Protein chains: 2
Amino acid sequence: MKLYDYFYSSAAFRTRIALNLKGLEYEQIPVNLRTGQQSQSDYKAQNPQGLVPALSVAEGTLGQSLAIIEWLEETYPEIPLLPKAPWDKARVRAMAYTIACDIHPLNNLRVLNYLKDDLEVTEQQKTEWYHHWIGKGFDALEQQVEAAPFCFGDKPTLADVCLIPQIKNAMRFEMDLSPYPKLRSIWEHCMTLDAFVRAMPENQETAG
Amino acid sequence: MKLYDYFYSSAAFRTRIALNLKGLEYEQIPVNLRTGQQSQSDYKAQNPQGLVPALSVAEGTLGQSLAIIEWLEETYPEIPLLPKAPWDKARVRAMAYTIACDIHPLNNLRVLNYLKDDLEVTEQQKTEWYHHWIGKGFDALEQQVEAAPFCFGDKPTLADVCLIPQIKNAMRFEMDLSPYPKLRSIWEHCMTLDAFVRAMPENQETAG
């Protein structure tokens, strides 16, 4: 199993956590987003969307972190990342999508670059934009999650797999997390677990 | 089953298509995004994120269109919206997420309002922004989808459920769709099907 990866990408970070939680081995192939490697033709032949992550397995190459994780969930169900009961599963997915559909897409590198380069917004406007969308999503999540140890129940789920990279990202952009005690307690608990820690950007070989 | 709905919302539109394809009855409760009804406390008590759609059933109220549709898929599997084979399912989900995570979140009403009101971009800049993100996503999708009749295989799937509202939205913003013959052929086929047509914004009672 090969993971096309970039150490700082939150979506790649999610996939690393899921692979680690499931105890799966994978080879990391770095795709440097800062130098535009994701837009080069050899990578786009693998993943037409030109984004990371992508997972390459016997069946082919798959993009989209959540599609990868749902496929892992179905193919390697021994350590599940979704609860069994349909309504519980739906609640976990709703939390994951709050992050993956309503926070992260607005704040990733390509969007921040567009704001800076094409719309020529100031550094402060860019920071306000960033904090605005994180705030909207985290306000809702703080109400949706259970307390520690995890977003839902006593085992890590897809919701934690999405939340931890988003919190990491928020810290990097100096977001004030004091209004989110429940989210912070989940972060603190996950930071005691090897599967999360090993997936952290700074713990990737290519980090620099 | 009650659907908190707004006729113009692409995410609500997805949910209407899925409910129709599965032949399920539902009561529509309009939440007017133009007048800010989604941010009022009685609605946010149901859905803390303050977005539409939300589905209210015996188990509770669930937000996030994709979480709703996955729950419907599991609870009412008779007419499936995902293929059975895990890799096929993953490919369909990846197409759906390309729309739901990488196009739609950048172009929905709250974001366009932020660009206009907070960043004070010009009308032209707003249109360019809109077309830019649609173009990025549709360029990839045009390579990922099969030809007509549908995005994948000979039955409508979650990918079509996401694609049709996104194309409708693109048409509304006068996006040039000529570079996307495969996407257009899927649109044309879906427009011959009652489940899609009945879900169209202009065919909702509250459209105006």
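Our subject is the structure listed above.
First, a word on scope: everything that follows refers to the structure included in this document. Keep in mind the model is a prediction, meaning the values are calculated, not measured. Residue numbering note: each chain is counted from 1, following its sequence as written. Here chains are named by letter from A upward and ligands by number from 1 upward, in the order in which they appear as written. Since the coordinates come from a predicted model, pLDDT governs what is reported: local features require at least 70, and pairs of side-chain atoms require 80 or more to be given and counted, while whole-chain, interface and lining totals use all residues. Side-chain figures throughout are based on the complete set of non-hydrogen atoms in the structure, without hydrogens or water.

1. Observations concerning helix α4 (residues 86–102) of chain B
Residues and elements named next belong to chain B.
Right, on to step 1. Every helix listed is a DSSP run of H or I at least four residues long, and every strand listed is a run of E at least two residues long, numbered separately from the N terminus. In a helix, the anticipated span is given by 1.5 Å times the number of residues less one. The end-to-end C-alpha distance of α4 is 23 Å, a good match for the 24 Å that 17 residues give at a rise of 1.5 Å each.
Right, on to step 2. At Ala96, α4 shows its strongest bend, of approximately 25°.
Right, on to step 3. Within α4, 14 of the 17 residues are buried, which leaves the element mostly enclosed by the surrounding structure. Bend angle per residue: angle between axes fitted to the 7 residues ending at that residue and the 7 residues starting there. Categorising residues by exposure relies on relative accessible area from a 1.4 Å probe, with only protein chains included: less than 20% of the type maximum marks a residue as buried, more than 50% marks it as exposed, and the intermediate range marks it as partly exposed.

2. Quick look at the relation of the copies chain B and chain A
Right, on to step 1. In superposing the copies, a least-squares fit is computed on C-alpha atoms, taking residues whose pLDDT is at least 70 in both. Note on the identical chains: chain B maps onto chain A by a rotation of 180° and an axial translation of 0.0 Å, with an RMSD of 0.0 Å. Considering both components of the superposition, the chain copies are consistent with a two-fold axis. In terms of proximity to the rotation axis, the leading residue of chain B is Cys101 of chain B, whose C-alpha is 2.3 Å off the axis.
Right, on to step 2. Contact criterion: two residues are considered in contact whenever any of their non-hydrogen atoms come within 4.5 Å of each other. A symmetric contact is evident, with 100% of the interface residues of chain B recurring at the interface of chain A.

3. Observations regarding unusual backbone geometry
Right, on to step 1. In this chain, Val52 of chain A is followed by Pro53 of chain A through a cis amide linkage whose omega measures 5°.
Right, on to step 2. Phi at Glu174 of chain A is positive, roughly 55°, even though this residue is not glycine.
Right, on to step 3. Checked against the element boundaries, Glu174 of chain A lands in the loop between α8 (158–172) and α9 (181–190).
Right, on to step 4. Look at Glu174 of chain A and you get exposed, because its relative accessible area is 68%.
Right, on to step 5. In the Ramachandran plot, Gln64 of chain B falls in the positive-phi region, its phi being about 75° despite a non-glycine side chain.
Right, on to step 6. Following the sequence through the fold, Gln64 of chain B ends up in the loop between β4 (60–63) and α3 (65–75).

4. What to know about the interface of chain B and chain A
Right, on to step 1. Every contact between the two is made by 46 residues of chain B and, on the other side, 46 residues of chain A.
Right, on to step 2. Summed over both partners, buried area is the accessible surface (1.4 Å probe) that two parts give up on being assembled. Taken over both partners, the interface formed by chain B and chain A buries close to 4100 Å², and the fraction arising from carbon and sulfur atoms is 67%.
Right, on to step 3. When residues of chain B are sorted by the area they lose upon contact with chain A, Trp87, Arg110 and Tyr114 of chain B head the list and together hold 17% of the total.
Right, on to step 4. For this analysis, a salt bridge means a side-chain nitrogen from Lys or Arg found within 4 Å of a carboxyl oxygen belonging to Asp or Glu. Linking chain B to chain A there are six salt bridges.
Right, on to step 5. Side-chain atoms alone can form a polar contact between residues adjacent in sequence; in general such a contact is a pair of N or O atoms within 3.5 Å, and within protein one must be able to donate a hydrogen while the other accepts it. Here chain B is connected to chain A by 14 residue pairs in polar contact (both at pLDDT 80 or more).
Right, on to step 6. In terms of residue count, the dominant contributor to the side of chain B that touches chain A is α4 of chain B (12 residues).
Right, on to step 7. Residue type decides the class: Asp, Glu, Lys and Arg count as charged, Ala, Val, Leu, Ile, Met, Phe, Trp, Tyr, Cys and Pro as nonpolar, and the leftover types, Gly among them, as polar. In terms of residue class, the side of chain B that touches chain A is built from 24 nonpolar, 11 polar and 11 charged.

5. Side note on the side chain of Ser9 of chain A
Residues and elements named next belong to chain A.
Right, on to step 1. Residue placement: Ser9 occurs in the loop between β1 (2–5) and α1 (10–21).
Right, on to step 2. Judged by relative accessible area, which is 10%, Ser9 ranks as buried.
Right, on to step 3. Among the polar contacts listed, one links the side chain of Ser9 to the backbone nitrogen of Ala11, at a separation of 3.3 Å.
Right, on to step 4. With sequence-adjacent residues up to four places away left out, Ser9 is seen in contact with Leu33 and Val52.

6. Focus: helix α1 (residues 10–21) of chain B
Residue and element names in this part refer to chain B.
Right, on to step 1. Relative to the 16 Å expected for 12 residues at 1.5 Å per residue, α1 spans 16 Å between its end C-alpha atoms, a close match to the ideal helical length.
Right, on to step 2. Of all 12 residues in α1, 12 are buried, a share of seventy percent or more.
Right, on to step 3. The N-cap residue of α1 is Ser9: its side-chain oxygen and the backbone nitrogen of Ala11 are 3.3 Å apart.
Right, on to step 4. Once α1 finishes, Gly23 follows within two positions and takes phi at roughly 70°, a positive value.

Read these as geometric descriptors, not functional statements.
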